[in-house]
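# Notes for the structure review
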Amino acid sequence: QVQLVESGGGLVQPGGSLRLSCAASGSRGAFYRMGWYRQAPGKERELVARITRGGNTNYLDSVKGRFTISRDGTKNTVYLQMNSLKPEDTAVYYCQFTAWDAKIYWGQGTQVTVSS
């Protein structure tokens, strides 16, 4: 059974940086696409960034130039480097992997809080 384990969240001051990681276990193959979503209190979950196996990326407009998504295909791991963090980036961040058979897997979520 595929499980996604996230790490790297926490409390950071505005302007600071955090790096999130998400690793898959229980999978014998690679994933077609890996991504990060976030959900703030009272808001819907939104796509933050995603990356395909071929390296194509998409970003939420509000994080462009500040966040960078990358992947290590050999380890089935995806990263989200977040720089110049703002209070409005505060949310629970979830990783999502899409397998080649279209199955979707979610991580348990990690809290990111940007506050002084």
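Below is a summary of the structure that appears in this document. (Residues numbered from 1 in each chain as written. Predicted model: local features only at pLDDT ≥ 70, side-chain atom pairs only at ≥ 80, totals over all residues. Heavy atoms only, no water.)

### Details of the environment of T74
Locating T74 in the fold gives a position in the loop between β7 (67–72) and β8 (77–82). One polar contact links T74 to D72, side chain to side chain, over a distance of 2.5 Å. (Helix = DSSP H or I, 4+ residues; strand = E, 2+ residues; numbered from the N terminus. Polar contact = N/O pair within 3.5 Å; in protein donor to acceptor, adjacent residues only side chain to side chain.)

### Re the sheet that holds β8
In space, the four strands of this open sheet follow the order β1-β3-β8-β7, with antiparallel pairing throughout. Of all the strands in the sheet, the pair left with one neighbour each is β1 (3–7) and β7. Ignoring which end each strand starts from, the neighbouring axes of this sheet average 15° apart. Pairing analysis gives five bridges linking β1 to strand β3 (residues 18–25), with the strands arranged antiparallel. By the bridge assignment, S7 is partnered in β3 with S21. (Pairing = 2+ DSSP bridges. Axes fitted to C-alpha atoms, helices over the stretch in contact; angles between N-to-C directions.)

### Concerning the pattern of salt bridges
The final tally for this structure, using the stated rule, is four salt bridges. With its nearest N and O atoms 2.8 Å apart, the salt bridge here joins R38 to E46. Looking at E46, the relative accessible area reads 31%, which means it is partly exposed. Taken together, the shared-partner salt bridges in this structure form one network comprising R38, E46, R66 and D89. (Salt bridge = Lys/Arg side-chain N within 4 Å of Asp/Glu carboxyl O. Buried < 20%, exposed > 50% of the residue type's maximum accessible area, 1.4 Å probe, protein only.)

### Notes on the nonpolar core
By size, the foremost hydrophobic cluster in this structure holds 28 residues, and its most contacted members are W36, L80, M82, Y93 and F97. Sorting the residues of this core by element identifies β3, β4 (33–39), β5 (46–52), β7, β8, β9 (91–98) and β11 (110–114) as the ones contributing at least two each. (Core = buried A, V, L, I, M, F, W, Y, C linked by side-chain atoms within 4.5 Å.)

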